[in-house]
Amino acid sequence: MKIKMKNAIAELDGDEMTRVLWKVIKEKLFEPFVELNVEYFDLGLKMRDDTDDQITRDAAVAIKRLGVGVKCATITSNAARMEEYKLTHLTPSPNGILRGELDGTVFRAPIFVKNIQCNVSSWKKPIVLGRHAYGDVYKNCEIKTPCAGKAELVFTGEDGKEIRKTIQEMKSPGIIQGIHNLDESIRSFARCCFMFALDKKVSVWFGAKDTISKTYDGNFKAIFSEVFESEFRKKFEDAGIEYFYTLIDDAVARVMKSEGGILWACKNYDGDVMSDMIASACGSLAMMTSVLVSPNGEFEYEASHGTVQKHYYKYLKGEKTSTNPVALIFAWTGALAKRAELDGTDDLAQFAARLEKATLAVIEEGTMTGDLARLANPAAKRIVNSWEFIDEIAARL
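Presented here is an overview of the structure given in this document. (Residues numbered from 1 in each chain as written. Predicted model: local features only at pLDDT ≥ 70, side-chain atom pairs only at ≥ 80, totals over all residues. Heavy atoms only, no water.)

### Description of the overall build of the chain
This is how it is decided: Secondary structure elements follow DSSP: runs of H or I no shorter than four residues count as helices, runs of E no shorter than two count as strands, and numbering proceeds from the N terminus. Restricting the calculation to C-alpha atoms gives the radius of gyration, and the globule rule supplies 2.2 Å times the number of residues raised to the power 0.38. Burial status follows relative accessibility: with a 1.4 Å probe on protein chains alone, a residue under 20% of its type maximum counts as buried, one over 50% as exposed, and anything between as partly exposed. The contact definition used throughout considers only heavy atoms, calling two residues in contact when any of these lie within 4.5 Å. Only the protein chains shown count as cover for residues, and the accessible areas themselves come from Shrake-Rupley with a 1.4 Å probe.
Across its full length, the chain holds 14 helices and 18 strands. Computed over C-alpha atoms, the radius of gyration of the chain comes to 22 Å, within 12% of the 21 Å expected from 2.2 N^0.38 for 397 residues, which places it in the range of a compact globule. Each principal axis of the C-alpha distribution contributes one length, and for the chain these read about 65 × 55 × 45 Å. Residues classed as buried in the chain amount to 52% of the 397 residues present. Nonlocal contacts in the chain, meaning residues at least 24 apart in sequence, comprise 77% of its contacts between residues at least 6 apart. When the accessible surface of the chain is split by element, carbon and sulfur atoms take 52% of a total near 18,700 Å².

Written out as structure tokens, the structure reads:
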């Protein structure tokens, strides 16, 4: 008898190799055991182009309504993708749209297994990466300037008053980029980080570059300090944890020498880069959990890596690739566990935990995909393709 779900989750399908494995994971690891209750949204690149990203916005609305979503990896188009997929226009990042709509913070943490040693020997505990999920370069405006001229930054207020600053007197053609953020979003980011840290009982480190970006990054620093002092200082003291601010370059140096066990809060781009660094140092980009948490208590679990383009092209030629599906599996288990928590369905929560345990057991017993086999100590007993790896997990269920 299959486990029943009281309420639905929003399922957001994706692109390329991860889309292929997404289907296999559902068929082999979930559908035989759980009566999946999902609202399906196809966020494949062509569908997003055909709907002018309305499908992405509809998915965001569903996550807000249902409280939980699970997302496959997706392509953010560039000129090459536009030609490859015959797109009508360059589509924006679907993750950027979802994060903007939900006003959420992305929390990422490595998945540890006993036979994959971390490249940073001092890291003994997981480092949770809290990434601000709004604005900066992901919602930017860019100009390629054709000649010499004056580049200006202009703000026109609702009252009609104008603030104007000269960026640069450009002596030749060049490029200009405008980015922004909102006090409300930064405040939500700070609150999400402090609440998450209290739940996990870990200290918060936040790094920015206010010595150079005195207004932009300085605003992040000031708002974090304000939120902490007004809402969280006493709670942190009672929990025996702390909040610590430093420059982003100093934060990187400190993190590399720390034992882990912290929540490292980063601005949007910093978090994008540093989460990949942490994942790679701990084994693989596919060995990391990722969840977008909104200040209203909505959760979107996702794969923390890209669509694995090179493997997809091999798959199209008929090759069974050794693509690591762990992050995709943990996106599903995370979403189902949260749905179970919200709905009070213990059997669903227990199944999600058993599946995660079975997945890690396969690796720790020596069967793994090629990315992990290169790092395993002791050496892998068996290197398998993705389908074989999923079958090994299914056998344990």
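So that's the structure; there's more coming.
### Let's talk about unusual backbone geometry
Of the consecutive residues N377 and P378, the connecting peptide bond is found in the cis state with omega at 5 degrees. Take P378: it is sitting in the loop between α13 (370–373) and β18 (382–383). The backbone of D52 shows a phi angle near 50 degrees, a positive value even though the residue is not glycine. Following the sequence through the fold, D52 ends up in the loop between α2 (45–50) and α3 (54–66).

### Quick notes on the sheet that holds strand β2 (residues 9–13)
Inclusion rule: Here, a strand pair is defined by DSSP locating no fewer than two bridges between the strands. Lines fitted to the C-alpha atoms define the axes, with helices restricted to the stretch that makes contact. Angles between their N-to-C directions range from 0 to 180 degrees.
In space, the 10 strands of this open sheet follow the order β4-β2-β5-β16-β15-β6-β7-β14-β12-β13, with mixed pairing throughout. Strands with a single pairing partner mark the edges of an open sheet, and in this sheet they are β4 (38–42) and β13 (243–247). Across this sheet, the average inter-strand angle for adjacent strands is 20 degrees, counted without regard to direction. Summarising the sheet, strand β5 (residues 68–71) and strand β16 (residues 299–302) pair through 4 bridges and their orientation is parallel. Bridging across to β16, K71 finds its partner in E302. Here helix α5 (residues 94–102) sits on the sheet in contact with β2, β5, β6 (105–110), β7 (128–132), β15 (288–293) and β16, set at roughly 160 degrees to β16. Relative to the sheet, helix α6 (residues 183–200) contacts β6, β7, β12 (203–208), β13, β14 (262–266) and β15, its axis offset from that of β6 by approximately 35 degrees.

### Considering the pattern of salt bridges
Rules: Should a side-chain nitrogen of Lys or Arg be within 4 Å of a carboxyl oxygen of Asp or Glu, the pair is scored as a salt bridge.
All chains considered together, the criterion is met by 32 salt bridges. The partner of E392 in a salt bridge is R396, and the shortest N-O contact between them spans 3.2 Å. With E392 and R396 both in helix α14 (residues 386–396), this residue pair falls 4 residues apart, about one helical turn. On the basis of relative accessible area, E392 is assigned to the partly exposed category, the value being 22%. Using a relative accessible area of 36% as the deciding quantity, one classes R396 as partly exposed.

### As for helix α11 (residues 326–343)
Let me state the cut-off plainly: Take the residue count of a helix, subtract one, and multiply by 1.5 Å to get its expected span.
For α11, with 18 residues, the first-to-last C-alpha span of 25 Å sits near the 26 Å given by 1.5 Å per residue. With 15 of 18 residues buried, α11 is to be regarded as a mostly interior element. A positive backbone phi angle near 70 degrees is found at G344, which sits one or two residues after α11.

### Brief notes about the pairing of β14
The buried count for β14 comes to 5 of 5 residues, which makes it a mostly enclosed element. Along β14, one buried face is formed by I262, W264 and C266 and the opposite face, lined by L263 and A265, is buried too. Of the pairings in the sheet, the one linking β7 to β14 comprises 4 bridges and is parallel in character. The residue of β14 that forms the bridge with V128 is L263. Pairing between β12 and β14: 5 bridges, direction parallel. Looking across to β14, one finds that G207 is bridged to C266.

### Details of the pairing of strand β10 (residues 162–170)
Remark: a regular strand shows side chains that alternate across the two faces of the sheet. Pairing analysis gives 8 bridges linking strand β9 (residues 149–156) to β10, with the strands arranged antiparallel. Bridge pairing links L153 to K165 in β10. Counting the residues between successive antiparallel strands, the hairpin from β9 to β10 contains 5 residues, one of them, G160, with a positive phi of roughly 90 degrees.

### Focus on the side chain of R48
Along the polypeptide, R48 turns up in helix α2. Apart from the residues lying within four places of it in its own chain, the contact partners of R48 are D15, L43, D53, I55, T56, T74, I75, T91, P92 and P94.

### Quick word on the environment of Q177
Rule in force here: Pairs of N or O atoms within 3.5 Å make up the polar contacts considered here, provided that, within protein, one atom can donate a hydrogen while the other can accept it, and that residues adjacent in sequence are counted only when both atoms are side-chain atoms.
Within the secondary structure, Q177 sits in strand β11 (residues 174–178). Separated by 3.1 Å, the side chains of Q177 and E142 make a polar contact.

### Details of the environment of G174
Of note, G174 is situated in strand β11. With 28 residues separating them in the primary sequence, G174 and P146 have C-alpha atoms 7.1 Å apart. Contacts of G174, omitting those with residues within four sequence positions, involve I143, K144 and T145.

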